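# Report on the structure
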Amino acid sequence: MLPRAFWHYIAALYFAFQSLCAAFWWLILAVEPRARPLFRPAATPDSALFAFFLPDAILFIGAALWAAACLVKSPKSARIPLVIHLGGAIYAALYCISQTLLTGEAILATVLMTTCALFSTFLSWKTAFSAE
């Protein structure tokens, strides 16, 4: 069995890395229009995709960075930012799943967001919400 401190640092690294990747993803979408169709159905305008930027920046990216900092200092203090982050991640994953089920498109968005939501939930459970 791995020590708890191991999971705290793994989770902190994961949430920091996830935040950087998400910010980089938004940068790519902003500067490379050809990347956008991979993450939205063909009939959906780019503006519908970019409408998610502000909530994503706050709930997904910002809360994950906040949680990463808390996990290093005091894992129990990470509960609030993790709940905020998980709410955003799970909502986005469910939205993507629904979008793919309805249109058969944007499968990459569904795979990426569902993976993020699952890993985030697992690491939250192993760290700030575990009974150990």
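Attention here is on the structure that accompanies the text. (Residues numbered from 1 in each chain as written. Predicted model: local features only at pLDDT ≥ 70, side-chain atom pairs only at ≥ 80, totals over all residues. Heavy atoms only, no water.)

## Re helix 1 (residues 4–31)
Residues lying three or four places apart along an α-helix face the same way, a consequence of the helix completing one turn every 3.6 residues. With 28 residues, helix 1 should cover 40 Å at 1.5 Å per step; its first-to-last C-alpha distance of 41 Å lies within 8% of that length. Turning to helix 1, its buried residues number three or more, namely Trp7, His8, Ala11, Ala12, Tyr14, Phe15, Gln18, Ser19, Ala22, Trp26 and Leu29. Close packing links the buried residues of helix 1 with helix 2 (46–50), helix 3 (53–73), helix 4 (79–103) and helix 5 (107–126). (Helix = DSSP H or I, 4+ residues; strand = E, 2+ residues; numbered from the N terminus. Expected span 1.5 Å × (residues − 1). Buried < 20%, exposed > 50% of the residue type's maximum accessible area, 1.4 Å probe, protein only. Contact = heavy atoms within 4.5 Å.)

## Regarding helix 4
With 25 residues, helix 4 should cover 36 Å at 1.5 Å per step; its first-to-last C-alpha distance of 36 Å lies within 8% of that length. Among the structural elements, helix 1, helix 3 and helix 5 are those in contact with the buried residues of helix 4. Residue glycine 104 follows helix 4 closely and has a positive phi angle near 75 degrees.

## Brief notes about the side chain of aspartate 56
Here aspartate 56 is to be found in helix 3. For the buried aspartate 56, no salt bridge exists, and the shortest N-O distance to an oppositely charged side chain is 14 Å, to arginine 36. Once residues lying within four places of it in the same chain are set aside, the contact partners of aspartate 56 are Trp25, Trp26 and Ile61. (Lys, Arg positive; Asp, Glu negative; His and termini not counted. Salt bridge = Lys/Arg side-chain N within 4 Å of Asp/Glu carboxyl O.)

## A short note on a nonpolar patch on the surface
Taken together, the side chains of Phe53, Leu54, Ile58, Leu59, Trp66, Ile80 and Ile84 make up a nonpolar region of the molecular surface, amounting to roughly 670 Å² of accessible area. If you list the elements that add at least two residues to the nonpolar patch, you get helix 3 and helix 4. Here the element with the most residues in the nonpolar patch is helix 3; it accounts for five residues. Along the polypeptide, isoleucine 80 turns up in helix 4. (Patch = residues over 30% accessible without salt bridge, like charges linked within 9 Å, V, L, I, M, F, W, Y side chains within 5 Å. Areas by Shrake-Rupley, 256 points an atom, 1.4 Å probe, with all protein chains shown as cover.)

## Observations concerning the pattern of salt bridges
One pass over the structure, following the stated rule, counts three salt bridges. Here aspartate 46 ties to arginine 36 by a salt bridge, and the two come within 2.9 Å at their closest N and O atoms. Residue aspartate 46 is located in helix 2, and its partner arginine 36 is located in the loop between helix 1 and helix 2; the two are separated by ten residues in the primary sequence. What makes arginine 36 buried here is its relative accessible area of 11%. Salt-bridge contacts for arginine 40 lead to aspartate 46; the nearest nitrogen and oxygen are separated by 2.8 Å. Given a relative accessible area of 13%, arginine 40 falls into the buried group.

## What to know about the nonpolar core
Across soluble globular proteins, nonpolar side chains show a tendency to be buried alongside one another. With 31 residues, the main nonpolar core has Phe15 and Phe60 as its most contacted residues. Elements supplying a minimum of two residues to this core: helix 1, helix 3, helix 4 and helix 5. In terms of residue count, helix 1 provides more of this core than any other element does, eight residues in total. If sequence neighbours within four positions are ignored, phenylalanine 15 has contacts with Ala64, Ala68, Leu71, Leu82, His85, Ser120, Leu123 and Ser124. (Core = buried A, V, L, I, M, F, W, Y, C linked by side-chain atoms within 4.5 Å.)

## Points about unusual backbone geometry
Peptide bonds are trans in most cases, and residues, glycine excluded, mostly fall at negative phi. For alanine 106, which is not a glycine, the phi torsion comes out positive at approximately 55 degrees. Given a relative accessible area of 8%, alanine 106 falls into the buried group.

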